[in-house]
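Here's the letter readout for the chains.
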Amino acid sequence: MSQLMDLRHIRNFSIIAHIDHGKSTLADRMLEITNTIEKRKMQEQVLDSMELERERGITIKMQPVRMKYLMDGQEYVLNLIDTPGHIDFSYEVSRALKAVEGSILLVDATQGVQAQTMTTLNMARESGLTIIPVISKIDSPLARVADVKGEVSKLLGVSFDDILEVSGKTGQNVDLLLKEVIRRVPAPHIPVGAEKAFQSLVFDFQYSSHRGVIVYIRVLSGQVSRNSALIFKVANETFNAIEVGIFSPQEVPMESIGAGEIGYIVTGIKQPGIASVGDTVAYERDTLPPLAGYMKPKPVVWASVYPEGQDDFTLLKQALGRLCLSDSSFTHEEESSGSLGRGFRCGFLGMLHLEIITERLRREFNLELIVTTPSITYEIEYLNGKREVVYSPSRFPDAHLVKTVFEPWVDIRIIVPAQYLGTLMQALYEHEAEIGDSENFGDNRNALTIKMPLRELMRNFFDEVKSITSGYASISYELGEMRVADVVRLDVLVAEEIVPAFSRVVSKRRVQEEAEQAVGKLYKVLPRQMFTTKIQGMALGRILSSETLSALRKDVTQHMYGGDITRKMKLREKQKKGKKRMQESGKVNIPHDVFLKMVKSE
Ligand SMILES: Nc1nc2c(ncn2[C@@H]2O[C@H](COP(=O)(O)OP(=O)(O)OP(=O)(O)O)[C@@H](O)[C@H]2O)c(=O)[nH]1
Ligand SMILES: [Mg+2]
């Protein structure tokens, strides 16, 4: 039996901040100072190990890592969890916060307090964590350290002396920060009444094709070793620990891990749906009730995902099952649509999340996909009294059947420099927003609280605000209450047939404009067909806009120059496949990139 850690010498903490404020870069320096990663293996934002994280320079998934640090002759174990800053991945942050006792709240000295600074701070406070305020990027020539310290001191109600100043780039003061983590963050303590039993909270998981689900756990009490007979308390499923270990940041097997520690258990479980975040892992014989778990996040946007060829349906099903074992915030269920065949209705926590999941499907599973226009959920009260939640626009009922429609609203926080307030107000009006409190932030910036229909937030609100404020505004939001909505279904018809993938629900007052836009866009991106093709926008039983695509009589490959024969063959293959689908879906072949182009904003 290995020597278990003395709780007094363990500190568990996370780094939280607005996107890009330097969390992962600060973590790099901590890993260096503590010699956790060899110099030659070091690279920038080393904890961002996913291909997409590296390409985009953002953190998508939280990453725990264990470090050792010597202070006053005593060795401490520091478990750090680096978290993502983007709003779509807030669920990662909230889960990480339940596994630690303290958080470093990082604020970029060149940017100041931003919307996600406040959101993540509130999350940390709700979890009762000790907060260490830190100003980052103090090396930058654009750093405004004193101003930003002022903002942070006001936000937290602390004195300037309590706020640390660091640079993740040069490493300045990072050593000092580690010492402050040891001083300020409380050591873990064992919950009363559970001293002997092994209890651990699953805060994340990963999937390995050889070893099944690997659960990431925070041990609350007791200890766990390899071969222990364990149980998922909520799922009520037993398994044997194939391996237990810690993160360095790669998995390092240990004989056992004990109270106060963060580590992993290899479960060998291969089927989806058993392991879930928030579940409690305990000894099989244990009789204590499960720990308080996590709230399941509500999807914000929905989109249907279909394989380009129906032969890939099974592969897509497996791929989605696998993705659910590495991303607990993503949901999917089977559906079928006339023209697209069998596919899945998927729920995402935002547009970036949608983009990341569909990109992972393409890359990790080599799947060609059709993704329908993202939409949100509506609650319908029919004239006959029936109520139903509709989360596919093509299933949104005709107006004459409906008594009332309810839609989700969001609570938004925007931080914006005062000079942009005027133009921002105009945009808010156009997006049907209700403006609440406004707070002066010092530094000539305002923090606004706003309510808006989620439908309007999804109508490119982020990009619009970024552009009218030259990138100086930051936004965060959370789902709020349901309210009565004045919306209708807009259908797009190609050759007089509704294409369900293009249907959407729009505000009644914008239906004409939306119909024109949708038809205009499709007119631009749809290849010409063998016959004259009508493209129409229809709502409330009326055609609102129409364009006619003239006929084409040539083999498309003639347009290709370069004479690459394999490319031509491929195209011919595709055309053949397309023809097959054309018969299935009626008259018109809509290539999958047209669906993509329709989804993408201009
Ligand atoms: N000058 C300067 N630049 C920094 C510092 N820390 C980070 N950066 C830069 O800021 C950008 C974002 O850094 P990251 O460490 O990825 O930020 P992050 O908070 O982890 O970002 P997300 O995880 O996506 O929210 C990168 O271009 C870094 O090089 C710093 O101390 N000084
Ligand atoms: Mg990061």
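Enquirer: How would you explain the sheet that holds strand β11 (residues 237-240) if you had to name every residue and give the values?
Expert: The sheet built from 8 strands is open, its strands ordered β11-β10-β16-β7-β8-β15-β12-β13 with antiparallel pairing. Looking at which strands have only one partner, the edges of the open sheet turn out to be β11 and β13 (251-254). Taken pair by pair, the neighbouring strands of this sheet meet at an average axis angle of 40°, ignoring direction.

Enquirer: Explain the pattern of salt bridges to me, using residue names and the numbers behind them.
Expert: In the structure shown here, the tally under the stated rule is 45 salt bridges. A salt bridge links arginine 363 to glutamate 51; the shortest N-O distance between them is 2.5 Å. One end of the pair, arginine 363, is in helix α8 (residues 351-365); the other, glutamate 51, is in helix α2 (residues 51-56), with 312 residues separating them in the sequence. Taking the relative accessible area as the measure of exposure, arginine 363 reaches 33% and is therefore partly exposed. Each of Glu407, Glu432, Arg455, Glu456, Arg459 and Arg509 takes part in one network of salt bridges that share partners.

Enquirer: Talk me through the sheet that holds strand β4 (residues 102-108); I want residue IDs and the actual numbers.
Expert: The strand order β2-β3-β1-β4-β5-β6 describes an open sheet built from 6 strands, whose pairing is mixed. Of all strands in the sheet, those with a lone pairing partner are β2 (63-71) and β6 (164-165), marking the two edges. The strands that helix α6 (residues 174-184) touches are β1 (10-17), β2, β3 (74-82), β4, β5 (130-136) and β6; relative to β2, the one it contacts most, it runs at about 90°.

Enquirer: Outline the packing of aromatic side chains, supporting the account with residue identities and numerical values.
Expert: Scanning all chains against the criterion turns up 11 aromatic pairs. Here the aromatic residues Phe203, Tyr216, Phe247 and Tyr264 are joined through ring pairs into a cluster of three or more. Above the plane of the ring of tyrosine 91 lies arginine 95, whose end atom (NZ or CZ) is 4.8 Å from the centre. For arginine 483, the ring lying beneath its charged end belongs to tryptophan 409, and the centroid distance is 3.8 Å.

Rules behind the numbers
Residues numbered from 1 in each chain as written. Chains lettered and ligands numbered in written order. Predicted model: local features only at pLDDT ≥ 70, side-chain atom pairs only at ≥ 80, totals over all residues. Heavy atoms only, no water. Pairing = 2+ DSSP bridges. Helix = DSSP H or I, 4+ residues; strand = E, 2+ residues; numbered from the N terminus. Axes fitted to C-alpha atoms, helices over the stretch in contact; angles between N-to-C directions. Salt bridge = Lys/Arg side-chain N within 4 Å of Asp/Glu carboxyl O. Buried < 20%, exposed > 50% of the residue type's maximum accessible area, 1.4 Å probe, protein only. Contact = heavy atoms within 4.5 Å. Phe/Tyr/Trp six-rings, centres within 6.5 Å; stacked < 30°, edge-to-face > 60°. Lys NZ or Arg CZ within 6 Å of the ring centre and 35° of its normal.

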